[in-house]
Amino acid sequence: MEKKQKPVVVWLEYQDCAGCSESILRASKPTIGQIVLDVVSLEYHETIMAAAGHQAEKSLHDAIKNYKGKYLVVVEGAIPLKDGGVYCTIGGKSAVDLIKEICKDAMAVIAVGNCACFGGVPAAKPNPTGAVGVMDIIKDKPVINLPGCPLNVENFTATVVYFLTFGKLPAVDKLKRPLFAYGKLIHDNCERRGHFDASEYVKAWGDKGHRQGWCLFQMGCKGPFTNHNCPTIRWNEGVSWPVMAGHPCIGCSEPKFWDNNLYAEAE
Ligand code: SF4
Ligand code: SF4
Ligand code: F3S
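Since we're looking at a predicted model, the values are computed, not measured.

Caption draft 1: Spotlight on the overall build of the chain. The helix and strand tally for the chain stands at 12 helices and 9 strands. On C-alpha atoms alone, the chain measures out to a radius of gyration of 19 Å, which is about the 18 Å that the 2.2 N^0.38 rule sets for 267 residues. In terms of overall dimensions, the chain has C-alpha extents of about 60 × 45 × 35 Å along its principal axes. Looking at the 267 residues of the chain, the share that counts as buried comes to 50%. For the chain, contacts bridging at least 24 residues in sequence account for 72% of all contacts bridging at least 6. Summed over all atoms, the accessible surface of the chain reaches about 12900 Å², with 55% contributed by carbon and sulfur.

Caption draft 2: Structural detail: the site of ligand 3. Neighbouring residues of ligand 3: Ile186, Thr226, His228, Cys230, Trp235, Trp241, Pro242, Cys249, Ile250, Gly251 and Cys252. Among the residues forming the shell around ligand 3, the class breakdown is 8 nonpolar, 3 polar and no charged.

Caption draft 3: Quick look at the site of ligand 1. Near ligand 1 the following residues occur: Asp16, Cys17, Gly19, Cys20, Glu76, Gly113, Asn114, Cys115, Gly148, Cys149 and Pro150. Elements represented by at least two residues in the shell around ligand 1 include exactly α1 (19–25) and α5 (113–118). When residues of the shell around ligand 1 are assigned to their parent elements, the largest contribution, 3 residues, is made by α5. When the residues that make up the shell around ligand 1 are grouped by side-chain class, the tally is 5 nonpolar, 4 polar and 2 charged.

Caption draft 4: Layout of the pairing of strand β7 (residues 106–112). Of all 7 residues making up β7, 6 are buried, and the element is well covered by its neighbours. Of the strand pairs in this sheet, strand β3 (residues 71–76) and β7 are connected by 6 bridges, and their pairing is parallel. Bridging across to β7, Leu72 finds its partner in Ala108.

Caption draft 5: Summary view of the pattern of salt bridges. Tallied over the entire structure, the rule returns 8 salt bridges. Its salt-bridge partner being Arg26, residue Glu22 comes within 2.9 Å of it at the nearest N-O pair. For Glu22, a relative accessible area of 36% puts it in the partly exposed group. Using a relative accessible area of 49% as the deciding quantity, one classes Arg26 as partly exposed. Across the pair Lys104 and Asp105 runs a salt bridge whose closest N-O atoms are separated by 3.8 Å. We classify Lys104 as exposed; its relative accessible area is 54%.

Caption draft 6: Looking closely at the packing of aromatic side chains. Per the stated rule, a full pass over the model turns up 5 aromatic pairs. When the centroid spacing of 6.0 Å and the interplanar angle of 80° are considered together, the rings of Phe196 and Tyr201 count as edge-to-face. Taking the relative accessible area as the measure of exposure, Phe196 reaches 22% and is therefore partly exposed. On the basis of relative accessible area, Tyr201 is assigned to the buried category, the value being 15%. Members of the aromatic cluster, each reached through a chain of ring pairs, are Phe196, Tyr201 and Phe217.

Caption draft 7: Up close: unusual backbone geometry. Each neighbour pair has its own omega, and for Lys125 with Pro126 the value is 5°, a cis peptide bond. For the peptide bond that leads from Cys149 to Pro150, omega is 10°, which places it in the cis range. Summarising the element assignment, Pro150 is placed in the loop between β9 (143–146) and α6 (153–166). With a phi angle near 65°, Lys176 is a residue other than glycine that sits in the positive phi range. In this structure, Lys176 sits in the loop between α6 and α7 (179–182). Residue class for Lys176 comes out partly exposed when judged on its relative accessible area of 32%. Positive phi, normally seen in glycine, also occurs at Asn236, with a value near 50°. Topologically, Asn236 is positioned in the loop between α11 (230–233) and α12 (257–266). Assessed through its relative accessible area of 57%, Asn236 is described here as exposed.

Calculation rules
- Residues numbered from 1 in each chain as written.
- Chains lettered and ligands numbered in written order.
- Predicted model: local features only at pLDDT ≥ 70, side-chain atom pairs only at ≥ 80, totals over all residues.
- Heavy atoms only, no water.
- Helix = DSSP H or I, 4+ residues; strand = E, 2+ residues; numbered from the N terminus.
- Rg over C-alpha atoms; globule rule 2.2 N^0.38 Å.
- Buried < 20%, exposed > 50% of the residue type's maximum accessible area, 1.4 Å probe, protein only.
- Contact = heavy atoms within 4.5 Å.
- Areas by Shrake-Rupley, 256 points an atom, 1.4 Å probe, with all protein chains shown as cover.
- Near = heavy atom within 4 Å.
- Nonpolar A, V, L, I, M, F, W, Y, C, P; charged D, E, K, R; others polar.
- Pairing = 2+ DSSP bridges.
- Salt bridge = Lys/Arg side-chain N within 4 Å of Asp/Glu carboxyl O.
- Phe/Tyr/Trp six-rings, centres within 6.5 Å; stacked < 30°, edge-to-face > 60°.

Structure below.
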């Protein structure tokens, strides 16, 4: 890998909470320092770069000019289309105009987090800003989706390293998610699956089943309908994942998870 040119990356943030950036800052295999210094050449990232204002704008435009056709764009956050895109602007330009301009000469685009992939929380009903994901706007470049709320950084690193090694993006499903990370249901790798098969369910928080690690299906777990590698790759340096911690999966790697899995149940 040392012999290959490090891919130049520009990381864009639009309608987001920066949680996916927070996730990448907690990378462990490799660390964020190793990613930034050894794996990629990160030319622009609003949350972690030292530059600000016009200096930051210059970094972005220098990167896309100097590495024309040779850079990767990472997008975090949804893009609002309503009313001409006025609900998210940076440096006087709308997010929709910016993403088109910046992706025009990119090699490929990586959408990180549910917001950038499918609209996520900003697109939740009634979607007041007309928020959409990257693939609804960028049609003429390879786009790969790494959903989750937030993104699991290990899947980001694996995607970039795959691209660096093979010169193309990994195989994807119909939602443009890489099969290595989203090819299997949570339910099929869950350590509580034996309890599901034995009809041993948690029925109330803190009950005997909850204390003994039984299945969370009756507490709203969406693991049977959610494709993600959380049970195997886990989070926080592989320490745990939502179901292991006793919380149902809320399906954060699926489109419209907020409306379909949470808001609807709360009504
Ligand atoms: Fe934040 Fe979730 Fe959107 Fe990432 S996907 S920017 S964590 S709301
Ligand atoms: Fe499936 Fe969720 Fe039960 Fe695990 S806790 S077995 S993912 S329903
Ligand atoms: Fe999200 Fe479910 Fe994994 S909520 S983080 S897909 S366990």
